[in-house]
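What follows is the residue order along each chain.
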Amino acid sequence: MDTERRLDTLVGAVADGPVDCDGLRVERDGGYAVETPEGRHEGLDEAALRETLAAHERLLDNWWTWHRLDGSRRAFLRWLEGADERPVDERYDLLEEGLTAGWGNLWIRVDLDDAGTRRYELRHADDADADPDDLTGFDDPLDLRRPLKFDDDGRYRPLKTAPNAPTGWRLGGLTGRDCVEAVDVAYPATVANWHRERTGDLDVTHWRETTERQTGIYGVVEELPREAVEWVAEAACVDSQCLKRREWGYDEEDDLTVDGGDGPFPCREPCSLVVAAARRWTTLEREEERTYELTLTPSEKEQVEAVIDAVADGTTDEIREADVYEGANRYRTRYLRAKRLDDEGNLCGVPTDPDPDDGDD
Amino acid sequence: MTDHRSQALVVVAHGSHLNPDSSAPANEHADTVRASGAFDEVRTGFWKEEPSLREVLRTVEADEAYVVPLFISEGYFTEQVIPRELRLDGWDVSAWDSDGLSADSATLAADDVEKTVHYCGPVGTHGSFTDVLVRRAESVTGDPDVGREFGLAVVGHGTERNENSAKAIEYHADRIRERGRFEEVQALYMDEEPEVDDVTDYFESEDVVVVPLFVSDGFHTQEDIPEDVGLTDDYRTGYDVPAAVDGHRLWYAGAVGTESLTADVIIERAADAGADVGDAVERVRESTAPEPADD
Ligand code: SF4
């Protein structure tokens, strides 16, 4: 660690005003006054100041690390290592071993390199214990853009905060700046919005305002009934579908009852994916309800419900080929189709539209 | 260091919920500009992806943000959607004082961040974008001097969707024609006459380069146009470059916006709006050249 450089910088900084960081306070009092968790020294000349500080290498390094950062980047990196809660000595002990934190599906580790400088590593949380050699290594945060576009099955991820980020990669040896950059690649603007929220400055735009703003093909979305907005949030915004914590409601005074989630970073307005889906739901909700008479056995009714559940929860792949006790099993579902759908695909042979003139559209 | 207000470039583009390649040109051009070092910071923002247009400016640290839309023409997106979503305070399209082709830039503030935003006209209507079309002809043929005995077709939507989109197509077709480099130059449309389906009827030259004036590849450039012009009956089976069609050889390589020289136009847009880009324009022109710099 380049102690001299840190001392020079600190002495320069004190000339502009007191330095105060995590238990280290240095100010001018004619000479210099230094306060550390161990006590206070007053009336020091510069040589004595330097000597005192050099004996508190960690406090000095801690100040040096944070004085060069500001805004959301500084706040985030401090949060990662619990800088507001953990005293410097305890924190540096932990940093020597490596400290980890989670951010959505990300696992972030910070430790100190041989020169005592913080280094950051990112992985998927599921890979936290993986042998680094088993993971594909990247070193530029922007290199994550392409892999993070696809889930582990190679399917495009239209929503970056969906909990389906791919596994199998690591981005190591990062500076703090690059660490935040990488988090921003994975979950854009989440650090900025998290910081705004912590400083009481999060600008939430609720459903009504968001949909009233829409024009063009999305202009219709403001017609979606109030109760349907609950279903939208339940469909798309719960933690199983999106790791952002939904902070928007129907409007300022009217919260949704659906759980917003527990993630660290907020969702400040309905996203484009939700608005686009809601456009479809708006069209569908314009239809009048009808009563159909469908004849099913009790087990068949339950099976229809099980199929809906399996598709909605994305669990169809988990149902074993021969597990015919699962309603959403493929054989079971094919059997149901063979029995209950007619040649036109009508459930129980009941046409969707009772008017024969419109029947085969 | 001189007194320097930090400057960011923000490339804004459409993006897609369905097509993973839609945002690729914006990211690639942003990388090229980043490597040029002309800006303290380079960011991308999208209508359909993240960071969203609503939130991209809060990811920018610099004092000055030069926002360049990676769009082909002026219209609904550049005039309404982008300024609204960026929350550009007091935006009115008259600030561009444009005839549909001449939008340059407007300097505004955004409601949610404390910075100066220079909102630029789209990439596709900048004069330098003509060079990108020519560059595409060079890269698809592998010939830096292509032109003699070659025809060039500029293809886009017609006026049905956006009157200015046809203007942009004609603008570049006219400019290329005036240079006299190609034997023939023709603007063709997907949804009106002269139609791209009849491309071979419009050219005497045996060799024709077909350049779609689109920002990124999607089903228009990868599926419709290859089938419409007869490169293939089924886009899924692919096609040759060049492909023999009705006694002509058609050279086709998808959306022109993927051409790396587009990065140069992005920088020029920002420079026109007052960004200090040094010699980045020349450097990017060189770094994106397919062959050692020609003449
Ligand atoms: S609106 Fe917010 S919480 Fe809901 S899916 Fe979109 S980003 Fe996630």
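Cut-offs and rules
Residues numbered from 1 in each chain as written. Chains lettered and ligands numbered in written order. Predicted model: local features only at pLDDT ≥ 70, side-chain atom pairs only at ≥ 80, totals over all residues. Heavy atoms only, no water. Helix = DSSP H or I, 4+ residues; strand = E, 2+ residues; numbered from the N terminus. Rg over C-alpha atoms; globule rule 2.2 N^0.38 Å. Buried < 20%, exposed > 50% of the residue type's maximum accessible area, 1.4 Å probe, protein only. Contact = heavy atoms within 4.5 Å. Areas by Shrake-Rupley, 256 points an atom, 1.4 Å probe, with all protein chains shown as cover. Lys, Arg positive; Asp, Glu negative; His and termini not counted. Charge placed at Lys NZ, Arg CZ, Asp CG, Glu CD. Pairing = 2+ DSSP bridges. Axes fitted to C-alpha atoms, helices over the stretch in contact; angles between N-to-C directions. Near = heavy atom within 4 Å. Nonpolar A, V, L, I, M, F, W, Y, C, P; charged D, E, K, R; others polar. Domains from an automatic or database assignment. Buried area = accessible area lost by both parts, 1.4 Å probe. Salt bridge = Lys/Arg side-chain N within 4 Å of Asp/Glu carboxyl O. Polar contact = N/O pair within 3.5 Å; in protein donor to acceptor, adjacent residues only side chain to side chain. Patch = residues over 30% accessible without salt bridge, like charges linked within 9 Å, V, L, I, M, F, W, Y side chains within 5 Å. pLDDT = per-residue confidence, 0-100.

A.B. asks: For this particular structure, what's the right way to read the overall build of chain A?
C.D. replies: If you tally the helices and strands in chain A, you get 12 helices and 11 strands. Taking 361 residues into account, the globule formula puts the C-alpha radius of gyration at 21 Å, and chain A, at 29 Å, lies well above it. Reported as C-alpha extents along the three principal axes, the dimensions of chain A are approximately 100 × 45 × 35 Å. Across the 361 residues of chain A, 42% fall into the buried class. When contacts within chain A are restricted to residue pairs at least 6 apart in sequence, long-range pairs at least 24 apart make up 57% of them. For chain A, the accessible area works out to roughly 19,500 Å², and carbon and sulfur atoms hold 44% of it. When the 46 basic and 88 acidic side-chain charges of chain A are each reduced to a single mean position, those positions are 3 Å apart.

A.B. asks: Is there a simple way to think about the overall build of chain B in this case?
C.D. replies: Scanning chain B from terminus to terminus reveals seven helices and 10 strands. Here chain B has a C-alpha radius of gyration of 19 Å; the compact-globule value for 295 residues is 19 Å, and the two agree. Seen through its principal axes, chain B has C-alpha atoms that stretch 60 × 40 × 35 Å. Buried positions account for 61% of the 295 residues belonging to chain B.

A.B. asks: What is the right way to read the sheet that holds strand β9 (residues 243-245) of chain B from this model?
C.D. replies: Backbone hydrogen bonds hold the strands of a sheet together, and the pairing may be parallel or antiparallel. Residues and elements named next belong to chain B. The strand order across the open sheet built from five strands is β7-β6-β8-β10-β9, with neighbouring strands paired in mixed fashion. Each end of this open sheet is capped by a strand with a single partner; those strands are β7 (184-189) and β9. Going from strand to strand, the sheet's axes swing by 30 degrees on average, the running direction of each strand aside. Pairing of strand β8 (residues 207-212) with strand β10 (residues 248-252) involves four bridges; the strand directions are parallel. Of the residues in β10, the one forming a bridge with Val 210 is Tyr 252. The strands touched by helix α3 (residues 129-141) within the sheet are β6 (146-156), β8 and β10, with β6 carrying the most contacts at an inclination of about 120 degrees. Together, β6, β8 and β10 form the strand contacts of helix α5 (residues 219-228), whose direction differs from that of β10 by roughly 170 degrees.

A.B. asks: I keep staring at the site of the ligand and nothing clicks. Help me out?
C.D. replies: Close contacts around the ligand come from Leu159(A), Ala236(A), Cys237(A), Cys242(A), Lys244(A), Trp248(A), Cys267(A), Pro270(A), Cys271(A) and Val274(A), and that covers them all. Split by residue class, the shell around the ligand holds nine nonpolar, no polar and one charged.

A.B. asks: I tried to follow the domain arrangement of chain B on my own but got confused; where do I start?
C.D. replies: Put simply, an interface is often sized by how much accessible area is lost when its parts join up. Residues and elements named next belong to chain B. Segmentation of chain B into domains returns domain 1 (7-71 + 74-121 + 260-287) and domain 2 (129-214 + 218-253). Between the C-alpha centres of domain 1 and domain 2 there is a distance of 27 Å. At the junction of the two partners, domain 1 supplies 11 residues and domain 2 supplies 10 residues. Overall, the association of domain 1 and domain 2 removes approximately 910 Å² of surface from exposure, summing both partners, and the carbon and sulfur fraction of that is 54%. Of all residues in domain 1, the largest losses of buried area upon contact with domain 2 belong to Leu 101, Leu 261 and Arg 285, amounting jointly to 48% of the total for that side. Inspection of the domain 1/domain 2 interface yields one salt bridge. The interface formed by domain 1 and domain 2 includes four residue pairs in polar contact (both at pLDDT 80 or more).

A.B. asks: Explain helix α6 (residues 176-186) of chain A here, please?
C.D. replies: Taking burial as the measure, the 11 residues of α6(A) include eight buried ones, the bulk of the element. Listed as buried for α6(A) are Gly176(A), Cys179(A), Val180(A), Ala182(A), Val183(A), Asp184(A), Val185(A) and Ala186(A).

A.B. asks: What's the story with the side chain of Arg157(A) in this structure? I'm lost.
C.D. replies: One can find Arg157(A) in the loop between β8 (136-138) and β9 (169-174). Those residues within four positions of Arg157(A) in sequence are excluded, and the remaining contacts are Leu148(A), Lys149(A), Phe150(A), Asp151(A), Ala162(A), Asn164(A), Ala165(A) and Pro166(A).

A.B. asks: Honestly, the pattern of salt bridges in this entry has me stumped. Any pointers?
C.D. replies: Two side chains of opposite charge can pair, provided their charged atoms sit close to one another. Counted under the stated rule, the structure contains 67 salt bridges over all chains. Across the pair Asp203(A) and Arg87(B) runs a salt bridge, and its minimum N-O distance is 3.2 Å. Here Asp203(A) is found in the loop between α7 (190-198) and α8 (207-213), whereas its partner Arg87(B) is found in the loop between α2 (76-85) and β4 (105-109) on a different chain. Arg87(B) gets classed as buried once you look at its relative accessible area, which sits at 11%. Close ionic contact of Glu138(B) with Arg135(B) constitutes a salt bridge, the shortest N to O distance being 3.8 Å. Here Glu138(B) and its partner Arg135(B) are both found in helix α3, three residues apart, which amounts to about one turn of the helix.

A.B. asks: Explain the interface of chain A and chain B to me, please; I cannot follow it from the model alone.
C.D. replies: Between chain A and chain B, the contact holds 32 residues from the first and 29 residues from the second. For the chain A face of the interface with chain B, the top three residues by lost area are Arg145(A), Tyr156(A) and Arg213(A), together amounting to 22%. Inspection of the chain A/chain B interface yields 10 salt bridges. Asp31(B) is the salt-bridge partner of Arg145(A), the closest N and O atoms lying 2.4 Å from each other. Applying the counting criterion to the chain A and chain B interface returns 25 residue pairs in polar contact (both at pLDDT 80 or more). Taken together, the residues that form the side of chain A that touches chain B break down as 11 nonpolar, seven polar and 14 charged.

A.B. asks: Help me understand a negative patch on the surface, please; the structure alone is not making it clear to me.
C.D. replies: Side chains of Asp126(A), Asp152(A), Asp153(A), Asp317(A) and Glu318(A) sit close together on the surface and give a patch of like negative charge. Mapped onto the elements, Asp152(A) comes out in the loop between β8 and β9.

A.B. asks: Please explain the confidence of the model for chain B as it appears in this structure.
C.D. replies: As a note on interpretation, predicted positions should not be read in detail where pLDDT is low. Here chain B averages 93 in pLDDT, and 97% of its residues register 70 or above. Among the scores for the predicted complex, ipTM is 0.93 and pTM is 0.94.

A.B. asks: Explain the domain arrangement of chain A to me, please; I cannot follow it from the model alone.
C.D. replies: Domain annotation of chain A identifies domain 1 (3-67), domain 2 (71-197), domain 3 (203-285) and domain 4 (298-352). One C-alpha centre belongs to domain 1 of chain A, the other to domain 4 of chain A; they are set 71 Å apart.

A.B. asks: It is not clear to me how the sheet that holds strand β5 (residues 99-103) of chain A should be interpreted in this structure. Could you clarify?
C.D. replies: Residue and element names in this part refer to chain A. Strands sit in the order β5-β6-β7-β9-β8 across an open sheet of five strands; the sheet is mixed. The sheet is open, and its two borders are formed by β5 and β8, each paired with just one other strand. Strand-to-strand twist across the sheet, computed as the mean angle between neighbouring axes with direction ignored, equals 20 degrees. In this structure, strand β7 (residues 118-124) lies alongside β9, joined through three bridges in antiparallel fashion. Along β9, the bridge assignment pairs Tyr 120 with Leu 174.

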